[in-house]
Amino acid sequence: MSSPQSLPLPVVLVGCGAVSQLFYAPALRALEGTGHLRVVGLIDLAERARRELQQKFPSARATVSLGDLAAVGAKLAIIATPPNFHREHAEAAFAAGLDVLCEKPLASSATQGAAMVAAAEGAGRLLAAGHYKRFFPAHRALKLLIEQQTFGALQTVEIAEGGKFGWPAATDSFFRKEQTSGGVLLDIGVHVLDLLLWWLGEPDEISYADDAAGGLEANCRFRGDFPGGVGVTVQLSRDWATPNCYVFRFDRATVHCRVNASNQLEFTLDGLPMSFAAELRELLPPRPAPATVPLETNPQAFIAQLVDVCAAVQSRRAPLVTGADALRVIRLIERCYQARQQLPQPWLAAVS
């Protein structure tokens, strides 16, 4: 069996904007160095964006045309364009014989997402979704704590994430309803809801409120009753400071998970007057031993998903996060929007 070093997977990056500049480019360069892949193509309508990335991948062919997907010799297309283009670009990749890793959210609607999943199946191609936060050691540990009931049954989850919008977007598509079907819930909420579905399963009952008022929401609040009687509350914001923390209350302990602290958890055990801040590391042997190596950081978790997708393409197995997984999230988001209520905004009340 060929090793990654002897068979680098040829990859084309479709979309050279902020997510590619900040996340994909460093990860792809690292994996070129380890022989997992090589970047053979860069596709974007914006010449400046293509030029900036081609400086990092000088041997890649830079073009504006999806018709060049097959010509560059790629086997995997990474779709990192705005969500309303994901279906078109993914289907072009499938038609060219490529597998696809699609950046989140999978699509602007469940209808488009379902079409992408069907197109992948029809073409015999793989469709992976860029929900890299499943690869955080802290999130994997939480899944085990929930499933194994290490601290007893999980009772509640409280999540507060977000703050002032600071993403260096190349366009204003984040804020135009004609270009995106949702605001903060469709943006950072994708990761939050994906993790909840992965940890807990589908919610039985939900309630949802936001401040969209006919536009796109900057703030929202989600409540759900999940299997096992777990009550979940989620607050997301693009303009209010939040603690950026997930809190899990078990029978015998409370666990805090900080947003993007991929290999850290904080524990408060019942009956003890202090908390423990833990860095997650490789397992220690049951004897005196030197300290082990810390588990993956946020950038390393992003790389870990790319490694998984490359292995899936080369071995023809399903990736750990599939298009069908991502479609479940889009459907839950649409369920929220259908149940939308107005988020209380007392500062807008008319003065009597």
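Refer to the structure above for everything that follows.
Just so we're clear, the structure is a prediction, and the values are computed from it rather than from any experiment.

Cut-off values and rules
Residues numbered from 1 in each chain as written. Predicted model: local features only at pLDDT ≥ 70, side-chain atom pairs only at ≥ 80, totals over all residues. Heavy atoms only, no water. Helix = DSSP H or I, 4+ residues; strand = E, 2+ residues; numbered from the N terminus. Rg over C-alpha atoms; globule rule 2.2 N^0.38 Å. Buried < 20%, exposed > 50% of the residue type's maximum accessible area, 1.4 Å probe, protein only. Contact = heavy atoms within 4.5 Å. Areas by Shrake-Rupley, 256 points an atom, 1.4 Å probe, with all protein chains shown as cover. Lys, Arg positive; Asp, Glu negative; His and termini not counted. Charge placed at Lys NZ, Arg CZ, Asp CG, Glu CD. Pairing = 2+ DSSP bridges. Axes fitted to C-alpha atoms, helices over the stretch in contact; angles between N-to-C directions. Core = buried A, V, L, I, M, F, W, Y, C linked by side-chain atoms within 4.5 Å. Phe/Tyr/Trp six-rings, centres within 6.5 Å; stacked < 30°, edge-to-face > 60°. Salt bridge = Lys/Arg side-chain N within 4 Å of Asp/Glu carboxyl O.

What is the right way to look at the overall build of the protein chain in this model?
If you tally the helices and strands in the protein chain, you get nine helices and 15 strands. Here the C-alpha radius of gyration of the protein chain, 21 Å, is about what a compact globule of 352 residues would show, namely 20 Å. Along the three orthogonal principal directions, the C-alpha set of the protein chain runs to about 70 × 60 × 35 Å. Per-residue burial for the protein chain yields a buried fraction of 50% across its 352 residues. In the protein chain, the proportion of contacts linking residues at least 24 apart, taken out of those at least 6 apart, comes to 68%. Carbon and sulfur atoms make up 55% of the accessible area of the protein chain, which totals about 16400 Å². Across the protein chain, 32 positive and 34 negative side-chain charges occur, with their mean positions spaced 4 Å apart.

Would you mind showing me how to read the sheet that holds strand β8 (residues 205–210) here?
In a beta sheet, neighbouring strands pair by backbone hydrogen bonds and run either parallel or antiparallel. Strand order in this open sheet of nine strands is β14-β13-β12-β11-β7-β10-β9-β8-β15, and the pairing throughout is mixed. Unpaired on one side and paired on the other, β14 (275–279) and β15 (340–342) mark the two borders of the sheet. Adjacent strand axes in the sheet meet at a mean angle of 15 degrees, parallel and antiparallel pairs treated alike. Note that strand β7 (residues 154–162) and strand β11 (residues 245–250) share six bridges and pair antiparallel. Note on β11: the bridge partner recorded for I159 is Y246. Helix α7 (residues 189–200) rests against β7, β9 (219–226), β10 (230–237) and β11 of the sheet, and its axis sits at about 170 degrees to β10. Along the sheet, helix α9 (residues 323–338) makes contact with β8, β9 and β15, crossing β8 at roughly 65 degrees.

What is the right way to look at the nonpolar core in this model?
Nonpolar side chains tend to gather and get buried jointly when the protein is soluble and globular. Of all hydrophobic cores here, the largest spans 103 residues; its most connected members are Y24, L196 and F248. If we skip the residues at most four places from it in the chain, F248 touches L142, I146, L154, T156, V157, W199, A253, T254, V255 and C257.

Can you walk me through the pairing of β7 in this structure?
As a general feature of sheets, a regular strand has side chains that alternate between the two faces. Here seven bridges tie β7 to β10, and the two strands are oriented parallel to one another. Across the sheet, residue E158 finds its bridge partner in β10, namely T233.

Hey, could you run me through the packing of aromatic side chains in this one?
Where two aromatic rings form a pair, the distance of their centres and the angle of their planes describe that pair. According to the stated counting rule, one finds 11 aromatic pairs in the structure shown. Arranged with centres 4.8 Å apart and planes meeting at 70 degrees, the rings of Y24 and F302 form a pair that is edge-to-face. Linking Y24 in helix α1 (residues 18–34) with F302 in helix α8 (residues 298–315), this pair joins segments that are 278 residues apart in sequence. On the basis of an interplanar angle of 75 degrees and a centroid distance of 5.9 Å, the ring pair of Y208 and Y337 is categorised as edge-to-face. Pair noted here: Y208 is in strand β8 and Y337 is in helix α9, with a separation of 129 residues, a long-range link. Using a relative accessible area of 16% as the deciding quantity, one classes Y337 as buried. Through a chain of ring-to-ring contacts, three or more aromatic side chains come together here, namely F23, Y24, Y132, F136 and F302.

Looking at this structure, how should I read the pattern of salt bridges?
Proximity of charged atoms lets side chains of opposite charge pair with each other. Applying the stated criterion across every chain, the model contains 19 salt bridges. Note that E147 is salt-bridged to K143, the shortest N-O span being 2.9 Å. Here K143 and E147 lie together in helix α5 (residues 137–148), a separation of four residues that amounts to about one turn. Its relative accessible area of 17% is what places K143 among the buried residues. With a shortest N-O distance of 2.8 Å, R258 and E266 are connected by a salt bridge. Because the salt bridges share partners, they merge into one network encompassing D99, R125 and R316.

I'm lost on unusual backbone geometry in this one. Help?
Note: most peptide bonds trans; most residues except glycine with negative phi. A cis geometry characterises the amide bond from K104 onward to P105, with omega recorded as -15 degrees. Assignment of secondary structure puts P105 in the loop between β5 (99–103) and α4 (110–123). Its identity as a non-glycine residue notwithstanding, N244 has a phi of 50 degrees, on the positive side. By the element assignment, N244 lies in the loop between β10 and β11. Positive phi, normally seen in glycine, also occurs at R316, with a value near 60 degrees. Turning to its location among the elements, R316 is positioned in the loop between α8 and α9. Residue classification places R316 among the partly exposed positions, given a relative accessible area of 41%.

Purely spatial values, then, with no claim about function.
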